[in-house]
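One-letter residues, chain by chain:
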Amino acid sequence: MFLRFTGRQTAEAAVSELQRMRSLPEYEVGMPELADLSGITGHNLNFDKMRLLAIAANTEGKESGRLKKIAVFAPDPALFGMARMFATLSELEPGNARAAAFQTQSEALEFLGRPEAGFEEIPGYDLVPLA
């Protein structure tokens, strides 16, 4: 699943987007997730908000025992720091999410086991609505 965030973002809106994504008929528990934060222009994220996101990432599918990989692409240094905090908090929360932050598209895709070198090579990339 590919989530592209743009504009000013809040943790609450991100949690709502995660819930919407998980309700899609093609979504499967444990499906790898790719979050593109490159279009974010502002946010309300702090430690407590990042923990809220980490809990949300781990809530779905806990009982399945299936590992869920989440790659967070954040080329901006400040957002990259927040993405790293999210990855650390995700590992500390009970659940099945393994998240990692990346500053390059190719590293994020490699983490997910994707053959593409960039997001534009993902089938249907141009069909993903902006969150």
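A.B. asks: Looking at this model, I keep getting lost on the pattern of salt bridges. Mind explaining?
C.D. replies: Where charged atoms of side chains with opposite charge meet at close range, the side chains can pair. Enumeration according to the criterion identifies five salt bridges in this entry. Here Glu-12 ties to Lys-49 by a salt bridge, and the two come within 2.5 Å at their closest N and O atoms. Here the residue Glu-12 occupies a position in helix α1 (residues 11-22), and Lys-49 occupies one in helix α2 (residues 47-59), the gap between them amounting to 37 residues. Residue Glu-93 is joined to Arg-51 by a salt bridge in which the shortest nitrogen-to-oxygen separation is 2.8 Å. Here Arg-51 lies in helix α2 and Glu-93 lies in the loop between α3 (77-92) and β4 (97-102), a separation of 42 residues in the sequence. A relative accessible area of 14% means that Glu-93 is categorised as buried. When its relative accessible area of 39% is taken as the criterion, Arg-51 is described as partly exposed.

Rules used in this analysis
Residues numbered from 1 in each chain as written. Predicted model: local features only at pLDDT ≥ 70, side-chain atom pairs only at ≥ 80, totals over all residues. Heavy atoms only, no water. Salt bridge = Lys/Arg side-chain N within 4 Å of Asp/Glu carboxyl O. Helix = DSSP H or I, 4+ residues; strand = E, 2+ residues; numbered from the N terminus. Buried < 20%, exposed > 50% of the residue type's maximum accessible area, 1.4 Å probe, protein only.

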